[in-house]
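The chain contents come next:
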Amino acid sequence: MKVGFIGLGIMGRPMALNLRQAGHALWVHGRRPVTMEVLVEAGAQACHTLADVAASAEIIFIMVSDTPDVENIVLGENGLIRRLRSGQIVVDMSTISPATTRRFAQELETRGVEMLDAPVSGGEIGAINASLSIMVGGKEKTFQRVKPLFDVLGKSVVHVGDHGAGQVAKACNQIVTALTIEAVSEALTFARKNGVDAARVREALMGGFAGSKILEVHGKRMLDNNFKPGFTVKLHQKDLRIVIEDAHKLGIGLPGTALVAQHLNALIGSGDGELDSAAIVKVIERMSGMRK
């Protein structure tokens, strides 16, 4: 397929590389030219404008940080919408607002362009290893056309529903992830304050109902005091902001999510925004007199 990829950061670059290594013709665009170098070496075409991507690719992937970034790429003054043609597909793999996603899809549809929202879970390692979990919203026919490309990028690909459904699923993922990190943080802190080996407690919990990927991976990070980012506090804070804003519009209460959002805010305030979100344990430890 003729594929475009916009956004070549910590996630986008390895994802684009996997598409190229699968044999697809690839046109790439990154804000910093250096991010395109490894892809050009792999045979991709570097594009210095969004228009160049739109002129060549049938299916265009976007992987950037936040809702305003996607809006600028899709609908901005120099955005894709000004160059896209009927029959092309835009696939947004960023994590953004479900409501805004639906608006983007409606705008593109007026030009005969289909859109899928397809946010991912799995972090940088999942992007590198093509083992991402991909949650997709949009029309079934469009999903089936793009699915061979999704299969290159991830090991779990689920068509959740219509436009915005993928973003809703990702929001749910971030709620569960955040609250589980919070729970693991509290449990390991409780063990330490009781004078019990937290590593042994983690080992015991891994064998029962409390066992989880979060306890396995993030629990180990907490024990090792190693917060090299797989997914940063800053991005997790952004994702929970989207969740809380949507919850406000819907009139629903998410008290646990709101609490963890405040802990992420505290980490941002203390200059820890670039750490892995497992650093939530630092907030719990400070509250418990275990860390300055």
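This one's a predicted model, so the numbers in the text were calculated from it and none came from an experiment.

A word on the overall build of the protein chain. Helices and strands together make up the secondary structure of the protein chain, namely 13 helices and nine strands. Computed over the C-alpha atoms, the radius of gyration of the protein chain is 20 Å, within 12% of the 19 Å expected from 2.2 N^0.38 for a compact globule of 292 residues. Seen along its three principal axes, the alpha-carbon backbone of the protein chain occupies a region of about 65 × 45 × 35 Å. Across the protein chain, the fraction of contacts at a sequence separation of at least 24, relative to all contacts at a separation of at least 6, is 65%. For the protein chain, the computed accessible surface area is about 13500 Å², with 54% contributed by carbon and sulfur atoms. Computed over 33 positive and 30 negative side-chain charges, the separation of the two mean positions in the protein chain equals 2 Å.

As a further point, take the packing of aromatic side chains. By the definition in use, this model includes three aromatic pairs. With a centroid separation of 5.8 Å and an interplanar angle of 15°, the aromatic rings of Phe-5 and Phe-61 are classed as stacked. One end of the pair, Phe-5, is in strand β1 (residues 2-6); the other, Phe-61, is in strand β4 (residues 59-62), with 56 residues separating them in the sequence. Neither residue differs from the other here; Phe-5 and Phe-61 are each classed as buried. Judged by centre distance (6.3 Å) and plane angle (80°), the ring pair of Phe-61 and Phe-150 falls under edge-to-face. Residue Phe-61 is located in strand β4, and its partner Phe-150 is located in helix α7 (residues 140-153); the two are separated by 89 residues in the primary sequence. Judged by its relative accessible area of 0%, Phe-61 falls in the buried class. Following the ring pairs from residue to residue traces out a cluster consisting of Phe-5, Phe-61, Phe-143 and Phe-150.

On to the nonpolar core, then. If you look at soluble globular proteins, the nonpolar side chains tend to sit buried side by side. Counting 32 residues, the largest nonpolar core has Phe-5, Phe-61, Val-91, Met-93, Ile-134 and Phe-150 as the members making the most contacts within it. Sorting the residues of this core by element identifies β1, α1 (12-21), β2 (25-29), β4, β5 (89-92), β8 (132-137) and α7 as the ones contributing at least two each. With six residues, α7 is the single largest residue contributor to this core. Once you skip the residues sitting within four places of it in the chain, Val-91 turns out to touch Ile-59, Ile-60, Phe-61, Ile-62, Leu-116, Ala-118, Val-146 and Phe-150. One finds Ile-181, Leu-215, Leu-264 and Ile-280 within the second-largest nonpolar core, a separate group that totals 24 residues.

Mapped onto the fold, Val-283 is located in helix α13 (residues 280-287). Along the primary structure Val-283 and Val-196 are separated by 87 residues, whereas in three dimensions their C-alpha atoms are 20 Å apart. Look past the residues within four positions of Val-283 in its chain and what remains in contact with it is His-263, Ala-266 and Leu-267.

Side chains that differ in sign of charge can pair as their charged atoms come close. Considering all chains together, one arrives at 15 salt bridges under this definition. Residues Glu-285 and Arg-291 are paired through a salt bridge, measuring 2.8 Å at the closest nitrogen-oxygen approach. One salt-bridge network, in which partners are shared between bridges, spans Asp-66, Arg-241 and Glu-245.

Turning our attention to the packing of helix α9 (residues 198-206) against helix α10 (residues 213-224). Packing of α9 against α10 leaves a shortest axis separation of 11 Å and a crossing angle of 175°. By the criterion of interaxial angle, the relationship of α9 to α10 is roughly antiparallel. Residues Ala-198, Ala-199, Arg-202, Leu-205 and Met-206 of α9 form the contact with α10, whose participating residues are Leu-215, Glu-216, Gly-219, Lys-220 and Leu-223.

Our focus in this paragraph is the packing of helix α8 (residues 165-193) against helix α12 (residues 255-269). The geometry of α8 relative to α12 is characterised by a closest axis approach of 9 Å and an angle of 70° between their N-to-C directions. Classified by the interaxial angle, the pair formed by α8 and α12 is roughly perpendicular. Crossing geometry of α8 relative to α12 is assigned as left-handed. Mapping the contact onto sequence places Ile-175, Ala-178, Leu-179 and Glu-182 in α8 and Gly-256, Thr-257, Leu-259, Val-260 and His-263 in α12. Residue classes in the contact of α8 with α12 are distributed as five nonpolar, three polar and one charged.

Quick look at the side chain of Lys-170 now. As for its placement among the helices and strands, Lys-170 is situated in helix α8. An unpaired buried charge is present at Lys-170: no salt bridge exists, and Asp-239, the closest side chain of opposite charge, is 4.4 Å distant. Reaching out from Lys-170, the side chain makes a polar contact with the backbone oxygen of Val-120 at a distance of 2.8 Å. If sequence neighbours within four positions are ignored, Lys-170 has contacts with Thr-95, Pro-119, Val-120, Met-135 and Asp-239.

Criteria and thresholds
Residues numbered from 1 in each chain as written. Predicted model: local features only at pLDDT ≥ 70, side-chain atom pairs only at ≥ 80, totals over all residues. Heavy atoms only, no water. Helix = DSSP H or I, 4+ residues; strand = E, 2+ residues; numbered from the N terminus. Rg over C-alpha atoms; globule rule 2.2 N^0.38 Å. Contact = heavy atoms within 4.5 Å. Areas by Shrake-Rupley, 256 points an atom, 1.4 Å probe, with all protein chains shown as cover. Lys, Arg positive; Asp, Glu negative; His and termini not counted. Charge placed at Lys NZ, Arg CZ, Asp CG, Glu CD. Phe/Tyr/Trp six-rings, centres within 6.5 Å; stacked < 30°, edge-to-face > 60°. Buried < 20%, exposed > 50% of the residue type's maximum accessible area, 1.4 Å probe, protein only. Core = buried A, V, L, I, M, F, W, Y, C linked by side-chain atoms within 4.5 Å. Salt bridge = Lys/Arg side-chain N within 4 Å of Asp/Glu carboxyl O. Axes fitted to C-alpha atoms, helices over the stretch in contact; angles between N-to-C directions. Parallel < 35°, antiparallel > 145°, perpendicular 65-115°, else oblique. Left-handed = near helix turned anticlockwise from the far one by under 90°. Nonpolar A, V, L, I, M, F, W, Y, C, P; charged D, E, K, R; others polar. Polar contact = N/O pair within 3.5 Å; in protein donor to acceptor, adjacent residues only side chain to side chain.

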